[in-house]
Amino acid sequence: MKPFHLASREYCASDTVITIASPADSVMVGEGYCTVIAGPCAVENRTDYIKLAIRLKELGADILRGGLFKPRTSPYSFQGLGRSGVDILVEARAETGLPVITEIMDIRDLDILYANVDILQVGSRNMQNYSLLEELGRLDKPVMIKRGLSATIEEWLLAAEYVLKGGNRQIILCERGIRTFETYTRNTVDIGAVPLIKQLTHLPIIVDPSHATGKWKMVAPIANAAIAAGADGVMVEVHQDPDHALSDGKQSLTPENFAQMRAQLLKHAQINRKQPSTAR
Ligand code: PEP
Ligand code: MN
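Residues numbered from 1 in each chain as written. Chains lettered and ligands numbered in written order. Predicted model: local features only at pLDDT ≥ 70, side-chain atom pairs only at ≥ 80, totals over all residues. Heavy atoms only, no water.

Enquirer: Quick one: what's the story with helix α9 (residues 255-271), residue by residue and with numbers?
Expert: Taking 1.5 Å as the rise per residue, α9 with 17 residues should run 24 Å; its terminal C-alpha atoms sit 25 Å apart, in good agreement. Among all positions of α9, only Pro255, Phe258, Met261, Arg262, Leu265 and Ala269 are buried. Looking down the long axis of α9, one finds its buried residues gathered within 105° of arc, a one-sided arrangement. Looking at α9, the residues exposed on the side facing more than 90 degrees away from the buried face are Gln260, Lys267, Gln270 and Ile271. Check the buried side of α9 and you find it contacts β3 (33-39), α1 (46-58), α8 (216-228) and β10 (233-237). Positive phi shows up at Arg273, right after α9, with a value of about 55°. (Helix = DSSP H or I, 4+ residues; strand = E, 2+ residues; numbered from the N terminus. Expected span 1.5 Å × (residues − 1). Buried < 20%, exposed > 50% of the residue type's maximum accessible area, 1.4 Å probe, protein only. Arc of directions from axis to C-beta. Contact = heavy atoms within 4.5 Å.)

Have a look at this one:
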């Protein structure tokens, strides 16, 4: 028996494919699909977010991202709009028909996020917050677990096991780079994790090339590599004006660059027999 029994292929041979609730079409995440999650690092204000969300829908994004609670290294950096920004995500969801994902940092925000968003993201820094994972295990709501900054594959799968053990089967794994001696990139993307995860577990895996590299020019090549390696999708940061973003501007694509990246990505998806995840 593997230490991550419920997450293992031995426990469940068939791939877990998750249907994400959405105001319009259903969005699938898992084997056979290529899901594109896009949006700014943080929701900064209503006007810009809604405008960008509508643009991203036009450009083919399947799911909208937008951080409200930002885990910033410095306490002096922009921390996100917090609970007061939830209405903006709700409006973007209604306006575009797309599901939304946002990070939950604290169990005290579970009530409001559970009621208003479609996927709860566990950030890299919280991958080993076991009380948070146990709480999420009790829900009937998809959870995306990002790989910890220095987490081994086994530690990551054991984090998923906490959620599975509670009864929640709707888990998406997200490779977002790990910390190594290399400093040219923000993190070192572990593309090898993609086929390995596919061998070890039935859970879907996506890659976040934005946080993995920290450089917008590397986002499209790494997104393509992820899909070529068998990932079920990507999550990328997009900002209408990256030079003036309140967080992670250097790794954010403009909407135009996002459109180019998505077009390339769909070619790789086709070669890998993955269809777009939204039935449009
Ligand atoms: C994010 O996706 O908003 C984020 C903070 O990423 P990570 O947890 O991977 O650093
Ligand atoms: Mn970010």
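Enquirer: I'd love a proper account of the packing of aromatic side chains, names of residues and values included.
Expert: Scanning all chains against the criterion turns up 1 aromatic pair. Plain terms: the ring middles of Tyr130 and Tyr162 are 4.5 Å apart, the flat faces sit at 25° to each other, and that makes the pair stacked. With Tyr130 in helix α4 (residues 130-137) and Tyr162 in helix α5 (residues 153-165), this pair connects stretches of sequence that are 32 residues apart. Owing to a relative accessible area of 31%, Tyr130 belongs among the partly exposed residues under this scheme. You can call Tyr162 partly exposed: its relative accessible area is 31%. (Phe/Tyr/Trp six-rings, centres within 6.5 Å; stacked < 30°, edge-to-face > 60°.)

Enquirer: An account of the packing of α1 against helix α2 (residues 86-96) is needed here, citing residue identities and associated values.
Expert: One way to put it is that α1 packs onto α2 with a least axis distance of 9 Å and a crossing angle of 30°. Judged by the inter-axis angle, α1 sits roughly parallel to α2. For α1 against α2, the interelement crossing comes out right-handed. Counting all contacts with α1, which are made through Arg46, Tyr49, Ile50, Ala53, Ile54 and Lys57, the residues of α2 involved are Ile88, Leu89, Glu91, Ala92, Glu95 and Thr96. Residues belonging to the contact of α1 with α2 are distributed by class as follows: 7 nonpolar, 1 polar and 4 charged. (Axes fitted to C-alpha atoms, helices over the stretch in contact; angles between N-to-C directions. Parallel < 35°, antiparallel > 145°, perpendicular 65-115°, else oblique. Left-handed = near helix turned anticlockwise from the far one by under 90°. Nonpolar A, V, L, I, M, F, W, Y, C, P; charged D, E, K, R; others polar.)

Enquirer: Run through the coordination of the manganese ion (ligand 2), naming residues and quoting values.
Expert: In this structure, Cys41 (SG), His211 (NE2), Glu237 (OE) and Asp248 (OD) serve as the protein donors to the manganese ion (ligand 2), at separations of 2.0 to 2.4 Å. Look at where the donors of the manganese ion (ligand 2) fall in the sequence and you get C-x169-H-x25-E-x10-D. Of this pair, Glu237 sits in strand β10 while Asp248 is found in the loop between β10 and α9, placing the two residues 11 residues apart along the sequence. Neither Glu237 nor Asp248 differs from the other in exposure class; each is buried. (Donors = N, O, S within 2.8 Å, 3.2 Å for Na, K, Ca; no water.)

Enquirer: Mind laying out the side chain of Thr102, listing which residues take part and the relevant values?
Expert: The topology assignment puts Thr102 in strand β5 (residues 100-103). Residue Thr102 is classed as buried on the basis of its relative accessible area, which comes to 1%. Within the structure, the side chain of Thr102 is placed 2.6 Å from the backbone oxygen of Gly66, a separation counted as a polar contact. (Polar contact = N/O pair within 3.5 Å; in protein donor to acceptor, adjacent residues only side chain to side chain.)

Enquirer: Give a detailed account of the site of ligand 1, specifying residues and quantitative values.
Expert: Neighbouring residues of ligand 1: Arg65, Lys70, Pro71, Glu103, Gln121, Gly123, Ser124, Arg125, Lys146, Arg176, His211 and Met235. Take Arg125: an N or O atom from its side chain is 2.9 Å from an oxygen atom of ligand 1. The contact in question runs from an oxygen atom of ligand 1 to an N or O atom on the side chain of Lys146, over 2.7 Å. Look at ligand 1: alone it shows 290 Å² of surface, and the protein chains cover 97% of it. The cavity that encloses ligand 1 is the largest pocket. (Near = heavy atom within 4 Å. Areas by Shrake-Rupley, 256 points an atom, 1.4 Å probe, with all protein chains shown as cover. 1 Å grid on protein atoms, 1.4 Å probe; cavity = no way out; pocket = protein on both sides within 12 Å on 5 of 7 lines; lining within 4 Å. Sits in = over half its atoms within 2 Å of the grid points.)

Enquirer: Help me get a handle on the pairing of β10, residues and values and all.
Expert: Within β10, 5 of the 5 residues are buried, leaving the element largely enclosed by the surrounding structure. Burial along β10 is two-sided: the residues Gly233, Met235 and Glu237 and Val234 and Val236 are all buried. The sheet contact formed by β3 and β10 spans 5 bridges and is parallel. Looking at β10, one finds that Ala38 is bridged to Val236. (Pairing = 2+ DSSP bridges.)

Everything listed here is a matter of geometry and, on its own, says nothing about what the molecule does.
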